[in-house]
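Each chain, written out:
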Amino acid sequence: MNLFGIIEEIEKVDPEFKEKISPRRDAIKNMTSFGSKVAIAALPFAIGSIFKKAYGVASTSDIVGVLNFALTLEHLEAAFYNQGMGTSGLVTDASYISPIKDDENNHVTFLTGVITSLGATPVAANANGYDFTAGGTFPTVFSDYGTFLAVAETLEDTGVRAYKGQAGTLIGNQTVLTAALSIHAVEARHASAIRYLRSTKGVAIKPWIVSTATNSNDTGISAVDANYGGSTPENSVSVGGVDVTTLPSIQSSSSTSIAVASAAFDEPLTTNEVLALVKPFIK
Amino acid sequence: MKTETELNKNNVNMARRSFLRYAGAGVAGVGLMAAASSCHKDHPVQPSTGAIPLGTGDTGILNYAYALEQLEAAFYTQVVLTPYSGIPSAELSLLTDIRDHEVLHREFFKAALKTSAIQALTPNFSKIDFTSRASVLTYAKAFEDLGVTAYDGVAYKIQNVAYLAIAGSIVSVEARHAALIGNLLQSGNFVSSDQVTASNGLNISNDPKTVLATANTFLSAKTQVSASF
């Protein structure tokens, strides 16, 4: 394999390639010494990392990993709404819950199809089913509509945060990033709708997540604090290194309230944070 | 009319070919040239005469977001300043919240872009009847839906992962707004078929050219914008 031959080929179509793999023009020299130290067998991996740095392209296995992670969550959500809509007398707002149920089932079908088209194996729904009482935390989830909506709200808000946390892995990928963000937006629409529906039933909640400086969770259900917390909790006010509470608002030329700052920017969850949150729902 | 399903199917097939190229990057140099050449500037948008150029690369994309947020902030500022007659207090409160979010989005991009920021744009809302609930909410839905499709449609062109994260943290808030406005117009209308493809449950997305063709109709002739990405 001729590493430098490949790089020259790329330069013919992308003169900025060297700049992309290193900010310094002479960086290619570094690769000479780097290459000499790397065993030939390891070169494919080294080249893979170079391309990832240059074009931000994730490997197929990375992408399948994200898609199967998403599919795992969609199985859970679809099962939740299928059971809810299948429980006689539970859902009194089918105009809200029915389209959400359809969307989640369509997400399952869509992701399954994409993963299959990549030649990979889509994860199946959990063989033992799901426990939407979350180990007894929500014992009336399918008998009390208010509880059902509260769990739905948390699942949707968590789904939004979960997709958001995967975007970086998909950077630069027109098809998969766009599809993932398109699902992400629909989950956010669901979250907004469930929250609005709850507000019409007397629950003090907004369609967006309004945190305080000390509490990210605005649902009033402390059992789901972790769904609004994590390494970048919903009450984070640092956006791209800017403390957005120091920015002008209608009310002040030099500050923005924590309520507005937290609601105007949703925050991500990492893969491991999400998996820990859904674990109680998996039988 | 080509359906969204067909479009997505095609995209998936295209993606598969791209993945194979990348997956085989260590052993097959042949496909790389095609893959590399397809990474940039695939659909250049010709700037219209006199329009304000948004810039190139990530700066251009941030200015694109800044332009859209300026538009939204100006719209809701007017809505709250001159609320339609008989607006319920809960509805005014929600629209005020949205105004504050959009103002913060605008101020954030202005602060982040510093000297690279485009100028303040002058909106032209002459077609909107701010005394009419139906008019205000219809245009609110149009702005929010446009914002969601804009962020989602441009995201793959963002090169800096930190900027991608910012776009992600804003677009879901715009989607929350869009759903709320949809519900205010008609209860249960939060994933309307004009925005979410019923067959796969995916929100539609739009490229900058499509988005700006609409956005520019709400800007004064002297402060319309053009994208080269």
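1. Details of the overall build of chain B
Counting secondary structure elements, chain B contains seven helices and four strands. Burial analysis of chain B (229 residues in total) assigns 53% to the buried set. Relative to all contacts within chain B whose residues are 6 or more apart in sequence, the contacts with residues 24 or more apart total 78%.

2. Some remarks on the overall build of chain A
From N to C terminus, chain A includes 11 helices and two strands. The helix and strand sequence of chain A, counted from the amino end, reads α-α-α-α-α-α-α-α-α-β-β-α-α. Within chain A, the fraction of its 283 residues that count as buried is 54%. Put simply, of all contacts in chain A between residues at least 6 apart along the chain, 69% involve residues at least 24 apart. Here chain A has roughly 11500 Å² of accessible surface; of this, 57% comes from carbon and sulfur atoms.

3. Let's talk about helix α7 (residues 145–166) of chain A
Compared with an ideal rise of 1.5 Å per residue, which puts 22 residues at 32 Å, α7(A) spans 32 Å between its outermost C-alpha atoms and is within 8% of the ideal. Taken across its 22 residues, α7(A) has 20 buried, putting it largely inside the fold.

4. Focus: the nonpolar core
Among the nonpolar cores identified, the biggest contains 138 residues, and Phe80(A), Phe148(A), Val244(A) and Phe75(B) are the most heavily contacted of them. In terms of residues, this core owes the most to one element, helix α8 (residues 174–200) of chain A, which gives 14 residues. If near-sequence neighbours (up to four positions away) are discounted, Phe75(B) is found in contact with Phe125(B), Ile128(B), Phe130(B), Val136(B), Tyr139(B), Ala140(B) and Phe143(B).

5. Quick word on the interface of chain B and chain A
Contact residues are listed per partner, giving 69 residues for chain B and 72 residues for chain A. Of the roughly 6000 Å² buried where chain B meets chain A, counting both sides, 69% is carbon and sulfur surface. Between the two partners, chain B and chain A, sit four salt bridges. The tally of links between chain B and chain A comes to 21 residue pairs in polar contact (both at pLDDT 80 or more). Breaking the side of chain B that touches chain A down by element, the ones donating at least two residues are α1 (4–23), α2 (30–37), α4 (89–113), α5 (133–154), α6 (161–185) and β3 (202–203) of chain B. Looking at the side of chain B that touches chain A, the element that brings in the most residues is α6(B), giving 17 residues. Class assignment of the residues belonging to the side of chain B that touches chain A gives a composition of 36 nonpolar, 24 polar and nine charged.

6. A few points about the confidence of the model for chain A
Residues and elements named next belong to chain A. With 80% of its residues at a pLDDT of at least 70, chain A reaches an overall mean of 87. Overall, residues 1–7 carries pLDDT values under 50, and its contacts beyond four positions in sequence, including any with other chains, amount to 16 contacts. Every residue in residues 21–51 scores below 50 in pLDDT, and together they form 33 contacts with partners more than four places removed in sequence or on other chains.

7. With respect to the environment of Ala125(A)
All names here are of chain A. Tracing the sequence through the fold places Ala-125 in the loop between α6 (94–117) and α7. The sequence separation of Ala-125 and Thr-175 amounts to 50 residues, and the corresponding C-alpha distance is 24 Å. Other than its neighbours up to four places away in sequence, Ala-125 contacts His-75 and Tyr-130.

8. Details of unusual backbone geometry
Positive phi values are uncommon outside glycine, yet Ala134(A) reaches one of about 50°. Looking at the element boundaries, Ala134(A) is found in the loop between α6 and α7.

9. Overview of α5(B)
Residue and element names in this part refer to chain B. Between its first and last C-alpha, α5 extends 31 Å over 22 residues, near the 32 Å set by a 1.5 Å rise per residue. Among the 22 residues in α5, 17 count as buried, and that is most of the element. If you check the start of α5, you find a side-chain oxygen 3.3 Å away from the backbone N of Ala-134, and it comes from Ser-132.

10. Examining the pattern of salt bridges
Scanning the model with the defined rule gives 15 salt bridges over all chains in all. With a shortest N-O distance of 2.8 Å, Asp145(B) and Lys141(B) are connected by a salt bridge. You can see Asp145(B) and its partner Lys141(B) sitting in helix α5, four residues apart, about one turn around the helix. When salt bridges with common partners are traced through the structure, they connect Asp157(A), Arg195(A), Asp218(A), Asp266(A) and Arg176(B) into a single cluster.

11. Observations concerning the packing of α7(A) against α8(A)
Residues and elements named next belong to chain A. Look at α7 against α8: their axes get within 8 Å of each other, and the N-to-C directions meet at 155°. Classified by the interaxial angle, the pair formed by α7 and α8 is roughly antiparallel. For α7 against α8, the interelement crossing comes out left-handed. Only Ala-180, Ile-183, His-184, Glu-187, Ala-188, His-190, Ala-191, Ile-194, Arg-195, Leu-197 and Arg-198 of α8 make contact with α7, whose side of the interface consists of Tyr-145, Leu-149, Ala-150, Ala-152, Glu-153, Glu-156, Asp-157, Val-160, Tyr-163 and Lys-164. Considering only residue class, the contact of α7 with α8 consists of 12 nonpolar, two polar and seven charged.

12. A few points about the packing of α7(A) against α6(B)
Two elements in contact, α7(A) and α6(B), have axes separated by 10 Å at closest approach and are oriented at 150°. Viewed along their axes, α7(A) and α6(B) adopt a mutual orientation that is roughly antiparallel. You can see that α7(A) and α6(B) cross each other, and the crossing is right-handed. For the pair formed by α7(A) and α6(B), the contact residues are Asp157(A), Val160(A) and Lys164(A) on the first element and Gly168(B), Ser169(B), Ser172(B) and Arg176(B) on the second.

13. Quick notes on the side chain of His184(A)
Secondary-structure assignment places His184(A) in helix α8. Assessed through its relative accessible area of 1%, His184(A) is described here as buried. Not counting the four nearest positions on each side in its chain, His184(A) is found in contact with Val160(A), Tyr163(A), Lys164(A), Gly168(B), Val171(B) and Ser172(B).

14. Some details on the confidence of the model for chain B
In this model, chain B carries an average pLDDT of 85, and 79% of its residues clear a pLDDT of 70 or more. If you check the scores for this complex, the pTM reads 0.82 and the ipTM reads 0.83.

15. Some points on the environment of His105(B)
Tracing the sequence through the fold places His105(B) in helix α4. Between the alpha carbons of His105(B) and Gln70(B) there is a distance of 8.4 Å; along the sequence they are 35 residues apart. When residues no more than four places from it in sequence are discounted, the contact partners of His105(B) are Ala264(A), Phe265(A), Glu69(B), Ile170(B), Val173(B) and Glu174(B).

16. A closer look at the packing of aromatic side chains
Going through the model one piece at a time under the given rule, you end up with 22 aromatic pairs over all chains. Measuring from ring centre to ring centre gives 5.0 Å for Phe80(A) and Tyr81(A), while their planes differ by 80°; the resulting arrangement is edge-to-face. According to the relative accessible area criterion, Phe80(A) is buried, its value standing at 0%. When its relative accessible area of 0% is taken as the criterion, Tyr81(A) is described as buried. Where Phe125(B) meets Phe143(B), the ring centres are 6.1 Å apart and the plane angle is 70°; that geometry is what we call edge-to-face. Here Phe143(B) lies in helix α5 and Phe125(B) lies in the loop between α4 and α5, a separation of 18 residues in the sequence. When its relative accessible area of 13% is taken as the criterion, Phe125(B) is described as buried. For Phe143(B), a relative accessible area of 4% puts it in the buried group. The rings of Phe80(A), Tyr81(A), Tyr130(A), Phe132(A), Phe142(A), Tyr145(A), Phe148(A) and Phe281(A) are connected pair by pair, giving a single aromatic cluster.

The rules behind these values
- Residues numbered from 1 in each chain as written.
- Chains lettered and ligands numbered in written order.
- Predicted model: local features only at pLDDT ≥ 70, side-chain atom pairs only at ≥ 80, totals over all residues.
- Heavy atoms only, no water.
- Helix = DSSP H or I, 4+ residues; strand = E, 2+ residues; numbered from the N terminus.
- Buried < 20%, exposed > 50% of the residue type's maximum accessible area, 1.4 Å probe, protein only.
- Contact = heavy atoms within 4.5 Å.
- Areas by Shrake-Rupley, 256 points an atom, 1.4 Å probe, with all protein chains shown as cover.
- Expected span 1.5 Å × (residues − 1).
- Core = buried A, V, L, I, M, F, W, Y, C linked by side-chain atoms within 4.5 Å.
- Buried area = accessible area lost by both parts, 1.4 Å probe.
- Salt bridge = Lys/Arg side-chain N within 4 Å of Asp/Glu carboxyl O.
- Polar contact = N/O pair within 3.5 Å; in protein donor to acceptor, adjacent residues only side chain to side chain.
- Nonpolar A, V, L, I, M, F, W, Y, C, P; charged D, E, K, R; others polar.
- pLDDT = per-residue confidence, 0-100.
- Axes fitted to C-alpha atoms, helices over the stretch in contact; angles between N-to-C directions.
- Parallel < 35°, antiparallel > 145°, perpendicular 65-115°, else oblique.
- Left-handed = near helix turned anticlockwise from the far one by under 90°.
- Phe/Tyr/Trp six-rings, centres within 6.5 Å; stacked < 30°, edge-to-face > 60°.

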